[in-house]
Protein chains: 2
Amino acid sequence: MTTKNDRKAQASEDSLLRIFTVPEDAESTLSIIEQKLSEDLAGFLGKSIAALEKPLSLIEQDFRTFQIPDAPRFVSDYTDEIMQNLVAHSVHTSAPSFIGHMTSALPYFVLPLSKMMVGLNQNLVKIETSKAFTPLERQVLGMMHHLIYGQNDSFYEQWMHSANYSLGAFCSGGTVANITALWIARNQLLKADGHFKGINREGLPKALKHYGFEDIAILVSERGHYSIGKTADLLGIGRDNIISIPTTADNKVDVTKMRQTAKQLASDNIKVMAIVGVAGTTETGNIDPLAELAELARELDCHFHVDAAWGGASLLSNKYRYLLDGIEQADSVTIDAHKQMYVPMGAGMVLFKDPELANAIAHHAEYILRVGSKDLGSQTLEGSRPGMAMLVHACLQIIGGDGYEILINNSLEKARYFADCIVEHRDFELITHPELCILTYRFVPHSVQQAIDDAVERGDVKFVTTCNELLDGLTQFIQKHQREQGKSFVSRTRIKPAKYLRKDTTVFRVVLANPLTTETILKDVLAEQSDIAQLDKQYLPRLLELCKVT
Amino acid sequence: MTTKNDRKAQASEDSLLRIFTVPEDAESTLSIIEQKLSEDLAGFLGKSIAALEKPLSLIEQDFRTFQIPDAPRFVSDYTDEIMQNLVAHSVHTSAPSFIGHMTSALPYFVLPLSKMMVGLNQNLVKIETSKAFTPLERQVLGMMHHLIYGQNDSFYEQWMHSANYSLGAFCSGGTVANITALWIARNQLLKADGHFKGINREGLPKALKHYGFEDIAILVSERGHYSIGKTADLLGIGRDNIISIPTTADNKVDVTKMRQTAKQLASDNIKVMAIVGVAGTTETGNIDPLAELAELARELDCHFHVDAAWGGASLLSNKYRYLLDGIEQADSVTIDAHKQMYVPMGAGMVLFKDPELANAIAHHAEYILRVGSKDLGSQTLEGSRPGMAMLVHACLQIIGGDGYEILINNSLEKARYFADCIVEHRDFELITHPELCILTYRFVPHSVQQAIDDAVERGDVKFVTTCNELLDGLTQFIQKHQREQGKSFVSRTRIKPAKYLRKDTTVFRVVLANPLTTETILKDVLAEQSDIAQLDKQYLPRLLELCKVT
């Protein structure tokens, strides 16, 4: 579609200047294109998970040119093309039947607000390019801090807008939030002392030498997010110094084992730098016993970080926030607003109990971030950053605490409903119960369930293992096929359930955050999976055969 | 404004579900709000740098509540409020007279495209939540790689879409890009070897022990960006191991001195891990002698990274790309598309010469990023990320190489024009010549210029120093006053010009990237600064007095 008044970016100075100014007439190309995009998008998004299932290798053909084209193009031509090549082959992450990952439908008002945010193009690294966005971001951090730590009025009056202190930091996502928290923990532990100028100045090897530690370590559940390993690599600590602690049957970290491990490390002169508690494991949605971890952190005199990237939003529910009891004792907490707070991608946060904590990573520069300024950039890992805080601010105000209460409660209760459906269905097996709104399960024909139960009872490890491997294949087959059918999507992961002798076990994983997901959709997902299973010619027949013979 | 059909997010399940669905009628609240926002925004943005100059402490009053409100609010009430409290007090970064930082006007088409991007809410960490966005991002990285390295067809056919390899990584900005590059350099240097499992596994202290280095260091110009120091802190290397090398008079790193320093370090058994070349210093826009640095890196057998966050866009100019000669020899290059490529905030990139390089930081997880998948998240510092690559893709196609050629050339030539104006004006002094489109200068009354020149000639250090300090005060006074007047904005920084005996010297800093900035605006800026200077009662009178007496 080339509209009459489309403004071509011809390679002339005049036409170029025009693409940098906002068109004046309401019926301009801008509005036409925008309307067109919105309509197509709504149409596309209404239909399915992926409008057209096309193999990735074919999609790649549309993106194979590696040379920047010389000639400018009409905006309308370009948008026509990407509607076909890109949008039609992107993933409908907000579809009510897309229940496999931590994406959801978005409140409709975030779209115009996002456009405004992009148009204002503020840079939050410094006041000079953000002005009122800086106090707004500090307010959002204050609100999230209050949600976790609930300090009194005078605390927030003193610290929320105070230069050189911060109640938290915005960042692109939970990974950067976790890195920031553990960077602070490391620098805090190995700070300047006597002639030693601090790890930030002299580095880790000299810091260990000065403090007389053989090494430093981080303790975290075996279900901890992969970003913790990435952090240890990045910070120069090394992945092997992330000590993975086993979980109990409910996927919560075993604090007794963690305490034993800490003692062993201490006797080897390895200092525990931080304990990371998980509040909402990525795979199963379980919450570590945070209060017990806080106590252990005090015993060990180490930093206590809680990775609540996913589960932190549940603090917005008065009914269920007790599930995260103990989080208020954490030194730092990660929460992603782009997960269950219904904000678009790119809104991570880390909150600090002590407003002075972030000074462990403070840095300054002459042209910005001068000492004493209120520039947010002096205590963040990232430099230039967009004003995403505005979208969190908008959601907190427009949805409000009461609105979030309903959204979170419904989400948790929908997960319980789905768990019941799975338990009641004779051919499905619930693997992990939903503590928040994540659960895992498998398609296991009734006769196979019985045969495995019998085998477990008589201690037939080989039989259980064989069945488990076949079920892994079947689970993978169903999940891939379901995705390709494009009606609905669940993800899959590998965990180590007690029933399957703690062997790696492939399971379906479901995240029930989308308010538009109905009970009917959930029942349909099971029916669809059950049907797909019958198409498998590789694993199911062998399973049925095996379990009949036994 | 509360429109009749506004959809209130009452705390009821029904009303909540409605805010998650796109309104069906064209005259819906959504369109009304959107139109309203656009109009107000256009009105506000048309006028001035900051619509209303209000002290930050007063703005903070509007953002002092620290409790998340319980009651939901009307979308229209909320937007009314933030138009007044936030938008009216944000910074008009795209104003043609806002020439102080690296922001510019944006092409109009990025606004509707941004809204579409937000609406699609893809997560680029993995194919399952991004599909076609993944090949698109790989294509953009391929195009940028080709812009820098210009490899042949078969190179891009082989690598651009290859799983487990990458030509680069998208990230939120230049800081994360620099961190990623140096993280890779560190891990590459201290990789697994014999019984040593690699720094990523065992950490920096054991890596140094294994390789027998006393320490590792990074060499960079004294004009290097502050993110390099932050990186050294984060990576556990320590800021003191960033060896700051003096620049020659033109703010380019002194390669002879760098080579001498490297020799000294080698004799102390300190291994140079990387040389960082700066292609567009943040303060003065100068480019290090990249080819010479590449040669030195080869001599030292170390990683060569180029921080071209700002200057990299100049590669898009066939006329001026020679200024960056040698960049094609870099192992890694940082470029920010949200700087001179006219993309909104949040589009940083790092490019790798060798597609295998990023494997030094590869990581995997069970629920995503499985080995062999094309998930982009396995080789990035960040985890979940939005589809910003789409906006870079759009600009590259719609503006095209020919369009960028004009934009970049005009920008560089405008800077030369402004430099001429400063030189011709009797009361201004050009401090650094624009190599790209950044320059620094000062207001120095003609009589003062003469007196300082005389003092320099007779070696009167004390007189020069005294004048310089007074000029620092005057520069700061003018810059702050100009910002507060809200007509135009230049930034200020501190550099060490030869003329001022290499002492810290406060200067105006101007970035001429906005295509809408006219020659008239530039002349007006000088006139305004000249007028403001006369208002100063603290520094100017003393300067004039001092220089008259002498």
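Now for a description of the structure that goes with this document. (Residues numbered from 1 in each chain as written. Chains lettered and ligands numbered in written order. Predicted model: local features only at pLDDT ≥ 70, side-chain atom pairs only at ≥ 80, totals over all residues. Heavy atoms only, no water.)

Let's talk about the overall build of chain A
Then, number 1: In terms of regular secondary structure, chain A is built from 19 helices and eleven strands.
Then, number 2: For chain A, the C-alpha radius of gyration of 26 Å lies close to 24 Å, the compact-globule estimate for 550 residues.
Then, number 3: Sequence separation of at least 24 residues holds for 70% of the intrachain contacts in chain A that already meet a minimum separation of 6.
Then, number 4: Only carbon and sulfur atoms are counted for the fraction: they give 50% of the accessible area of chain A, which is about 18,600 Å².
Then, number 5: Taking the average place of the 55 positive charges on the side chains of chain A and the average place of its 68 negative ones, the gap between the two points comes to 3 Å. (Helix = DSSP H or I, 4+ residues; strand = E, 2+ residues; numbered from the N terminus. Rg over C-alpha atoms; globule rule 2.2 N^0.38 Å. Contact = heavy atoms within 4.5 Å. Areas by Shrake-Rupley, 256 points an atom, 1.4 Å probe, with all protein chains shown as cover. Lys, Arg positive; Asp, Glu negative; His and termini not counted. Charge placed at Lys NZ, Arg CZ, Asp CG, Glu CD.)

Points about the packing of aromatic side chains
All names here are of chain A.
Then, number 1: Summed over all chains, the structure comprises 22 aromatic pairs over all chains.
Then, number 2: Taking the centre distance of 5.3 Å and the plane angle of 80° together, the rings of Phe 428 and Phe 443 count as edge-to-face. Taken together, the residues Phe 428 in strand β8 (residues 428-432) and Phe 443 in strand β9 (residues 438-443) connect sequence positions 15 residues apart. Across the pair, exposure class does not vary: Phe 428 and Phe 443 are buried alike.
Then, number 3: Site record: aromatic cluster; members linked through ring pairs are Phe 418, Phe 428, Tyr 441, Phe 443 and Phe 508. (Phe/Tyr/Trp six-rings, centres within 6.5 Å; stacked < 30°, edge-to-face > 60°. Buried < 20%, exposed > 50% of the residue type's maximum accessible area, 1.4 Å probe, protein only.)

Here's the deal with the state of the cysteines
Residues and elements named next belong to chain B.
Then, number 1: Per the counting criterion, the structure on display carries zero disulfides over all chains.
Then, number 2: We note that Cys 547 lacks a disulfide partner, and the nearest cysteine sulfur, in Cys 467, lies 4.1 Å from it.
Then, number 3: You can call Cys 547 buried: its relative accessible area is 9%. (Disulfide = S-S within 2.5 Å.)

Notes on the nonpolar core
Then, number 1: If you look at the biggest cluster of nonpolar residues, it comprises 140 residues, and the most contacted ones within it are A:Phe109, A:Ile275, A:Met341, A:Val392, A:Phe418 and A:Tyr441.
Then, number 2: The biggest single contributor to this core is helix α15 (residues 400-424) of chain A, with eleven residues.
Then, number 3: In this structure A:Phe418 touches A:Leu439, A:Tyr441, A:Val510, A:Leu512, A:Leu522 and A:Leu526, once residues within four positions along its chain are discounted.
Then, number 4: Counting residues in hydrophobic clusters, the runner-up holds 138 residues, among them B:Ile99, B:Tyr441, B:Ala451 and B:Val510. (Core = buried A, V, L, I, M, F, W, Y, C linked by side-chain atoms within 4.5 Å.)

Topic: the sheet that holds strand β10 (residues 491-495) of chain A
Residues and elements named next belong to chain A.
Then, number 1: Here four strands make up an open sheet; going across it, the order is β8-β9-β11-β10 and the pairing antiparallel. For this open sheet the edge positions go to β8 and β10, each flanked by a neighbour on one side alone. Direction aside, neighbouring strands of the sheet carry axes that sit 45° apart on average.
Then, number 2: As paired elements, β9 and strand β11 (residues 505-511) share four bridges and run antiparallel to each other. Each residue of the ladder has a partner; that of Tyr 441, found in β11, is Phe 508. (Pairing = 2+ DSSP bridges. Axes fitted to C-alpha atoms, helices over the stretch in contact; angles between N-to-C directions.)

A closer look at the sheet that holds strand β3 (residues 242-245) of chain A
Residues and elements named next belong to chain A.
Then, number 1: Judged by pairing direction, the sheet is mixed, and its seven strands sit side by side in the order β1-β7-β6-β5-β4-β2-β3 without closing on themselves. Edge positions in the sheet fall to β1 (168-171) and β3, since each has one partner strand and no second. On average, each strand axis in the sheet is inclined to that of its neighbour by 20°, with strand direction left out of account.
Then, number 2: Where strand β2 (residues 215-221) and strand β4 (residues 270-278) come together, six bridges link them in parallel fashion. Looking at the pairing, Asp 215 lines up with Ile 270 of β4.

Examining the pairing of β11(A)
All names here are of chain A.
Then, number 1: Most of β11 is tucked away, with seven of its seven residues classed as buried.
Then, number 2: Alternating residues of β11 divide into Thr 505, Val 507, Arg 509 and Val 511 and Thr 506, Phe 508 and Val 510, and every residue in both groups is buried.
Then, number 3: Pairing geometry for β10 and β11, over five bridges, is antiparallel. Its bridge partner being in β11, Arg 494 is matched across the sheet by Thr 506.

Here we look at the pattern of salt bridges
Then, number 1: Summed over all chains, the structure comprises 48 salt bridges over all chains.
Then, number 2: The salt bridge involving A:Arg201 is made with B:Asp240; its shortest N-O contact spans 2.6 Å. You can see A:Arg201 sitting in helix α9 (residues 199-202) and its partner B:Asp240 sitting in the loop between α11 (226-234) and β3 (242-245), one on each of two chains.
Then, number 3: Looking at A:Arg201, the relative accessible area reads 33%, which means it is partly exposed.
Then, number 4: The network of salt bridges with common partners includes A:Arg186, B:Asp233 and B:Arg239. (Salt bridge = Lys/Arg side-chain N within 4 Å of Asp/Glu carboxyl O.)

Structural notes on unusual backbone geometry
Then, number 1: The phi angle at A:Lys131 is positive, at roughly 40°, despite the residue not being glycine.
Then, number 2: Note that A:Lys131 resides in the loop between α5 (110-120) and α6 (133-149).
Then, number 3: A positive phi angle is found at B:Leu501, which is not glycine, with a value near 60°.
Then, number 4: Topologically, B:Leu501 is positioned in the loop between β10 (491-495) and β11 (505-511).

So, the relation of the copies chain B and chain A
Then, number 1: Taken as rigid bodies, chain B and chain A are interconverted by a rotation of 180° and an axial shift of 0.0 Å, the fit giving an RMSD of 0.0 Å. Viewed as a symmetry operation, the transformation between the two copies matches a two-fold axis.
Then, number 2: The fraction of interface residues of chain B whose copies in chain A are also interface residues reaches 100%, indicating that both copies meet through the same surface. (Least-squares fit on C-alpha atoms with pLDDT ≥ 70 in both.)

Brief notes about the interface of chain B and chain A
Then, number 1: Taken together, the contact pairs 170 residues of chain B with 170 residues of chain A.
Then, number 2: For B:Glu60, the salt bridge identified is with A:Lys374, shortest N-O distance 2.8 Å.
Then, number 3: Across the contact surface, chain B and chain A share 62 residue pairs in polar contact (both at pLDDT 80 or more).
Then, number 4: Counting residues per element, the side of chain B that touches chain A draws most heavily on helix α5 (residues 110-120) of chain B, which supplies nine residues. (Polar contact = N/O pair within 3.5 Å; in protein donor to acceptor, adjacent residues only side chain to side chain.)

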